[in-house]
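# Per-entry structural report
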Amino acid sequence: MQSSNHRLRDMEQHHPLLSGGTDVEADSLAAGVMVGGPHSGHAVGNRTVWFIQDSCGMVCATMTWFLVLYAEFVVNFVMLLPSKNFWYSLLNGAAFNSLAILALASHLRTMLTDPGAVPKGNATKEYMESLQLKPGEVIYKCPKCCSIKPERAHHCSICKRCIRKMDHHCPWVNNCVGEKNQRFFVLFTMYVALISAHALGLSGMHFFTCIKVQWNECSDFSPGVSVLLLIFLCLEAVLFLTFTAVMFGTQIHSICNDETEIERLKNEKPTWERRTRWDGMKTVFGGPPSLLWCNPFTGLRLRRLLLSRGRRSGSEFSV
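Residues numbered from 1 in each chain as written. Predicted model: local features only at pLDDT ≥ 70, side-chain atom pairs only at ≥ 80, totals over all residues. Heavy atoms only, no water.

Helix and strand counts for the protein stand at eight helices and nine strands. Out of the 319 residues in the protein, the part that is buried amounts to 45%. Look at the contacts in the protein between residues 6 or more apart in sequence, and 67% of them connect residues 24 or more apart. Of the accessible surface of the protein, which amounts to about 17,200 Å², a share of 62% is contributed by carbon and sulfur atoms. (Helix = DSSP H or I, 4+ residues; strand = E, 2+ residues; numbered from the N terminus. Buried < 20%, exposed > 50% of the residue type's maximum accessible area, 1.4 Å probe, protein only. Contact = heavy atoms within 4.5 Å. Areas by Shrake-Rupley, 256 points an atom, 1.4 Å probe, with all protein chains shown as cover.)

Attention shifts here to the pairing of strand β7 (residues 161–164). As a general feature of sheets, a regular strand has side chains that alternate between the two faces. As paired elements, strand β6 (residues 153–156) and β7 share four bridges and run antiparallel to each other. Of the residues in β7, the one forming a bridge with Ala153 is Arg164. Turn length for the β6-β7 hairpin, with the two strands adjacent in sequence and antiparallel, is four residues, and the turn residue Lys160 shows positive phi of about 60°. (Pairing = 2+ DSSP bridges.)

Attention shifts here to the pattern of salt bridges. Applying the stated criterion across every chain, the model contains five salt bridges. The salt bridge partner of Asp258 is Arg152, with a shortest N-O separation of 3.1 Å. On the criterion of sequence distance, the pair formed by Asp258 in the loop between α5 (223–257) and α6 (261–265) and Arg152 in the loop between β5 (147–149) and β6 is long-range, its members being 106 residues apart. Overall, the relative accessible area of 5% leaves Asp258 in the buried class. Judged by relative accessible area, which is 11%, Arg152 ranks as buried. Taking the shortest distance from any N to any O, the salt bridge between Asp258 and Lys165 comes out at 3.7 Å. (Salt bridge = Lys/Arg side-chain N within 4 Å of Asp/Glu carboxyl O.)

In this section: unusual backbone geometry. A positive phi angle, near 50°, is found at Cys146, a position not held by glycine. For Cys146, the location among the structural elements is in the loop between β4 (137–142) and β5. In this model, Asn174 sits at a positive phi of 50°, which is unusual for a non-glycine residue.

As for its position among the elements, Ser226 is in helix α5. With sequence-adjacent residues up to four places away left out, Ser226 is seen in contact with Val78, Trp215, Ser219 and Phe221.

Both the distance between ring centres and the angle between the ring planes are used here to describe each pair of aromatic rings. Summed over all chains, the structure comprises six aromatic pairs. Between the aromatic rings of Phe86 and Trp87, the centroid separation amounts to 5.3 Å while the plane-to-plane angle is 75°, which identifies the pairing as edge-to-face. According to the relative accessible area criterion, Phe86 is exposed, its value standing at 55%. By relative accessible area, which is 56% here, Trp87 ends up exposed. Centre to centre, the rings of Trp278 and Trp293 are 6.2 Å apart; their planes meet at 40°, and the pair counts as tilted. (Phe/Tyr/Trp six-rings, centres within 6.5 Å; stacked < 30°, edge-to-face > 60°.)

This next bit is on the UniProt feature "transmembrane region" (unreviewed entry) in the protein. Residues given the UniProt feature "transmembrane region" (unreviewed entry) here are residues 56–80, 86–105, 184–207 and 227–248. Within residues 56–80, the helical portion is 100% and the strand portion 0%, while the C-alpha atoms at the span's ends are 35 Å from each other. Taken end to end, residues 227–248 is 100% helix and 0% strand, and its first and last C-alpha atoms sit 31 Å apart. (UniProt positions renumbered as here; feature names shortened; annotations may be inferred.)

With that settled, consider a nonpolar patch on the surface. A cluster of nonpolar side chains, contributed by Val59, Met63, Trp172 and Phe243, occupies part of the molecular surface with about 360 Å² of accessible area. With respect to the helices and strands, the residue Phe243 is situated in helix α5. (Patch = residues over 30% accessible without salt bridge, like charges linked within 9 Å, V, L, I, M, F, W, Y side chains within 5 Å.)

Within the largest apolar cluster, 38 residues are counted, with the highest numbers of intra-cluster contacts made by Val74, Val75, Met79, Phe185, Leu233 and Phe285. Broken down by secondary-structure element, the contributors of at least two residues to this core are α1 (55–80), α2 (86–112), α4 (182–212), α5 and α7 (277–285). Those residues in contact with Met79 that lie beyond four places of it in its chain are Val74, Leu202, Ser203, His206, Leu230 and Leu233. Of all hydrophobic cores here, the second largest spans nine residues; its members include Ala117, Cys156, Ile163 and Cys176. (Core = buried A, V, L, I, M, F, W, Y, C linked by side-chain atoms within 4.5 Å.)

Take the side chain of Asn76 next. In this structure, Asn76 sits in helix α1. Among the polar contacts listed, one links the side chain of Asn76 to the backbone oxygen of Glu72, at a separation of 2.9 Å. Those residues in contact with Asn76, other than ones at most four positions away along the chain, are Leu81, Pro82 and Asn97. (Polar contact = N/O pair within 3.5 Å; in protein donor to acceptor, adjacent residues only side chain to side chain.)

Take α2 next. Taking 1.5 Å as the rise per residue, α2 with 27 residues should run 39 Å; its terminal C-alpha atoms sit 38 Å apart, in good agreement. N-capping of α2 is provided by Asn85, with a side-chain oxygen placed 3.3 Å from the backbone N of Trp87. (Expected span 1.5 Å × (residues − 1).)

Take the pairing of β4 next. Pairing of β4 with β5, which is carried by three bridges, proceeds in the antiparallel orientation. When the sheet's bridge partners are listed, Tyr140 is paired in β5 with Lys149. Count of turn residues in the β4/β5 antiparallel hairpin: four residues, of which Cys146 carries a positive phi of about 50°.

Quick look at the state of the cysteines now. With the rule as written, the count across this model stands at zero disulfides. With no disulfide of its own, Cys162 lies 3.5 Å from the sulfur of Cys145, the closest cysteine sulfur. Judged by its relative accessible area of 0%, Cys162 is buried. (Disulfide = S-S within 2.5 Å.)

Next comes the structure, spelled out in structure tokens:
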């Protein structure tokens, strides 16, 4: 649609602008934002819970939790608790379980945080006029979700939304990795890589120790069961360590270069002013370097969440 003030350019195909009186999927909008696509939004009062109801993503996310909890079971009950060295068990148990909790917390924050979804159906005449565009300025409209696409936003066919600075859609966290949750995804890959390396080290120590003595003295389980559990743990740890270490390095590289994976694969020429490496890191992780960068609980409003649960019978999230 052409006007005297600006031009609207559709992506992929032409679509008419939505009229101001058009009902833009009102049943799917909460506080101006529909969360997770037509099958994924859960609105509670004036708040919205972000969760993608994708069967493949939910299965992969469940498998991730199962494998991390399996590693915790083997490390704690097969290797550490039967050990006769108290300090060895205590220190390694505290380190491994702390890292596992941080990994699972990072996974939850990645999965339940809005990655930067553009409000669906905001391509209305009133909204266009509020942008106060300069004459000849071109803006883009996504024909799939009828939204005005900001610069560097891409449409996700699984989330059914345009995502700001979308890097990729990851089924293992059942969500897109974008502007608002990339930090938690980086932490998730880092902590899973750390617990995988720790599990491999503990498994090697356990095998080495048990070879010297009777296997019955090394574990409360039978030798055959212990060996099978440890072999499966080592295979899991190698796969997870390889995958998450590569993803962690890729994410850090993208942040430092101020370029998402989609932009790199499409070889898009930057039309934005690229940040320096430290500015990119500070933007993603929030503020100057500190231990808070490694904290997946940063930003949780627990007090507001508890007050909300006290006032309402339904569940609410504030993330």
